[in-house]
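Examining the three-dimensional arrangement
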Amino acid sequence: MTLTRVQRLASAASRVQADIAFAVLDVFIVVAAYTLGLALRMLDPLVGDSIELWRDLAVAVPVIVAVHLLANVAAGAYGHVWEHASTSEAARVVVANLGASTVLVLGNVILRDISDNGVIIPWSVFVIGFLASLFGMGLVRFRSRLFSYHRLSGAIKVLVVGTGRDAVAFARQAPHVGGRRVVGFLANGSTQADKPNGPRRLAGLQVLGRLEDIAEIVQSHGIEEVVLIGGDSERIRRVVDLCLNVDVGLRLLPSAEDVLRDGVSAVDVRDIEVEDLLDRQPVETDLASVRELLEGKRVLVTGAGGSIGCEVVRQVFQFGPGEVFALDRDETLLHEGKLHWPDTVNVMLADIRDAERMLRIFEAFRPHVVFHAAALKHVPVLENHPEEAVLTNIVGTRNVIEAGSRTGMERFVLISTDKAVAPTSVMGATKRAAELMTQAGSVRPDGCVYTAVRFGNVLGSRGSVIPTFVEQIKAGGPVTVTDPEMTRYFMTVDEAVQLVLQATTLATESEIYLLDMGEPIRIEALARRLIRLAGLSPDKDIEIRFTGRRPGEKLNEILATDRLDSTAHEKISEVRISHPLAPVVMHQVVELEKLALEGDSARVIELLKELTGADIVVGPHSYIDVDTDAASAVSWS
């Protein structure tokens, strides 16, 4: 016998047990109801022989009980989960009692005609018995619903977006989920029930309209919370956008598919988060190939205190590495990182600019795999300090590559950025130069596999747009956006690192990989959605102020200008891009280092443009001249 069959038998046995319990209660209710009816009838002083009436009732009770039970069975008043019952189930109870009473009255009429004593049982007993039985059976079956509605007289008024089974199930459970009361439903077009010919009432509640009507319905019905049942990022964004200017809370409930896949609760109502707004599908990682690459290996992560580096350290531990070394020059970030890492992480306080220090570390620990995430990344700052960008992003990368090459490094992975594509900023140009050095690794005789992985902005990374917007919203605004048409690609740090690890397993010789980042998001729209998710209204509660593009910023990021080839992973593409010969690259890196150390910013930019083809329009300028208001100092990295 299969497990499924056993579960079905157990479920059937449980239902039978519950039905028997209801039937036993119904017997007591019917007996009590008709006894009450006769007792009230006996209060009339004109009633004749009371003993005769009580004897007749005692004889009739088994028949009365049997008729009621059979009527309940015929009307389908058993076999329900009454905690979720609605008007349909209530109608069954009414029909059962009305049918039973009708049969009993007809029977009494027949007995009256053939009996010598006339009326066997007074008519009033049947009337009272019917009403009392109906009340008793309804009370037993609907007690949880009645008490819930009583408790929810001041409950949160909820509008459910969706008309499928999940929506109905939530509506019936809502009184038990945080004190909510569902007012009605909205059809969102995602299920057959949402079509024009779909139902107008569900679970006893009205389908109030379609998704396009949400703002009007929220205001007219005094809705306090909108609950979206499941839905992809496009539908979530649509709900958020339609509610931008109405005062209502937005929540998300997982669909049945989410419950089965992720193991969340069917009543796990949660806030809509910015991650839900991304047009992305879950990342699937080939765990076996990543484990094969990292298991038992010594892994070094530079820039381990940053958002990406910290997550790389955390995820690497899933694959059984021999040792993990977390390197960063910021002691505070390393200290914070230790709170998220296993105790066995070897923390190293060092600067990748220090070539001798790097070599000593590599000679002491001889890492097999190096994830190079250390970099300066804030575009506006680096526009004013190009020499600092060169010393960290280019010279520092060279130092790590050289140290690894001399100590048996097997794989080097550069964490790059979409800003390295047709760069227009110092930051983008220095990251492209780091890619060129990585590509140049293919001519090294050390046997190491060098690769670079590009991706866009990481949600929630330090100093990036979303945390900045959140702080601005908390401060009461304004939220500052440089240009109303500016767009950016976003990824969560978790999925970015998963794909970085996956790309590492694909590399064979100095490839550059590009991660699938979904569709670009308009920054103004993102700001408005974040304000809405904070329970506020854009332009009403929080001002959105446009400050103008700053030096080095692109209006729209470009993913690639060269050919993209597919790989074994659907979310990773290989960039086919030409590059200068390795000796040329390394010679110019030496020149860049010399100019940077001399502080010759103008020549640094000129050489960066020559090496990378960057279109850095604005040369060095005083950072004081740039709007340094904390609210507008947003980095798109």
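Read on for a plain summary of the structure. Predicted model, so just to flag it, every value in this text is computed and none were measured.

**Regarding the sheet that holds strand S12 (residues 411–415)**
- With mixed pairing, the 9 strands of this open sheet are ordered in space as S10-S9-S8-S11-S12-S13-S18-S22-S21. Taken across any chain shown, the strands that pair with only one partner, and hence form the sheet edges, are strand S10 (346–349) and strand S21 (563–566). Between one strand axis and the next, the sheet turns through 25° on average, direction left out of account.
- Direction of pairing for strand S13 (residues 449–454) relative to strand S18 (residues 511–515): parallel, over a ladder of 4 bridges. By the bridge assignment for S18, arginine 454 is matched with leucine 514.
- Most of the contacts of helix H11 (residues 331–338) go to S10, to which it runs at about 170°, and overall it touches strand S9 (323–328) and S10.

**A word on the pattern of salt bridges**
- Scanning the entire structure with this criterion turns up 16 salt bridges.
- Arginine 353 serves as the salt-bridge partner of glutamate 388, at 2.6 Å between the closest nitrogen and oxygen. Here the residue glutamate 388 occupies a position in helix H14 (residues 386–405), and arginine 353 occupies one in the loop between S10 and helix H12 (355–365), the gap between them amounting to 35 residues.
- A relative accessible area of 23% means that arginine 353 is categorised as partly exposed.
- One network of salt bridges, with partners in common, ties together Glu311, Arg314 and Asp494.

**Quick look at the packing of helix H16 (residues 465–474) against helix H18 (residues 523–533)**
- One way to put it is that H16 packs onto H18 with a least axis distance of 10 Å and a crossing angle of 45°. With respect to H18, the element H16 is oriented oblique. The two elements H16 and H18 meet at a crossing, and its hand is right-handed. Seen from H16, the contacting residues are Val465, Ile466, Phe469 and Ile473; seen from H18, they are Ile523, Leu526, Ala527, Leu530 and Ile531.

**Remarks on a nonpolar patch on the surface**
- Side chains of Ile20, Val24 and Phe28 sit close together on the surface and give an oily, nonpolar patch of about 310 Å² of accessible area.
- Mapped onto the elements of the fold, isoleucine 20 is located in helix H1 (residues 3–41).

**Details of the packing of aromatic side chains**
- Enumeration over the complete set of coordinates arrives at 3 aromatic pairs.
- Between tyrosine 34 and phenylalanine 126, the ring centres sit 6.3 Å apart and the planes meet at 75°, which makes this aromatic pair edge-to-face. Here phenylalanine 126 lies in helix H4 (residues 123–151) and tyrosine 34 lies in helix H1, a separation of 92 residues in the sequence. Like tyrosine 34, the residue phenylalanine 126 is buried in the burial classification.

About the thresholds
- Position numbers for residues count from 1 along each chain, tracking the sequence in the order it is written.
- Only residues with pLDDT of 70 or above have their local features reported here, since the model is predicted, and side-chain atom pairs are shown and tallied only from 80 upward, although totals for entire chains, interfaces and linings are computed over all residues.
- For side-chain calculations, the full set of non-hydrogen atoms in the structure is used, while hydrogens and water are omitted.
- Whether two strands pair depends on DSSP finding at least two bridges between them.
- Numbered from the N terminus, helices here are DSSP runs of H or I no shorter than four residues, and strands are runs of E no shorter than two.
- Fitted lines through C-alpha atoms give the axes, limited to the stretch in contact for helices. The angle between two N-to-C directions lies from 0 to 180 degrees.
- Contacts are assigned to residue pairs that have any heavy atoms within 4.5 Å of one another.
- A pairing counts as a salt bridge when a side-chain nitrogen of Lys or Arg comes within 4 Å of a carboxyl oxygen of Asp or Glu.
- The buried label goes to any residue with under 20% of its type's maximum accessible area, the exposed label to any with over 50%, and the partly exposed label to all in between, with areas taken from a 1.4 Å probe on protein chains only.
- Angle categories: roughly parallel below 35 degrees, roughly antiparallel above 145, roughly perpendicular from 65 to 115, and oblique for all the rest.
- Crossings are assigned a handedness: left-handed for a near helix turned anticlockwise from the far helix by less than a right angle, right-handed for a clockwise turn.
- In this scheme, patches are assembled from residues that exceed 30% relative accessible area and form no salt bridge. Like charges are connected within 9 Å, while nonpolar side chains (Val, Leu, Ile, Met, Phe, Trp, Tyr) are connected within 5 Å.
- Each accessible area is a Shrake-Rupley result for a 1.4 Å probe, and residues are judged covered by the shown protein chains and nothing else.
- Here the aromatic set is Phe, Tyr and Trp, taking the six-membered ring for Trp, and pairing holds for ring centres within 6.5 Å; pairs whose planes are under 30 degrees apart are stacked, those over 60 apart are edge-to-face, and all others are tilted.

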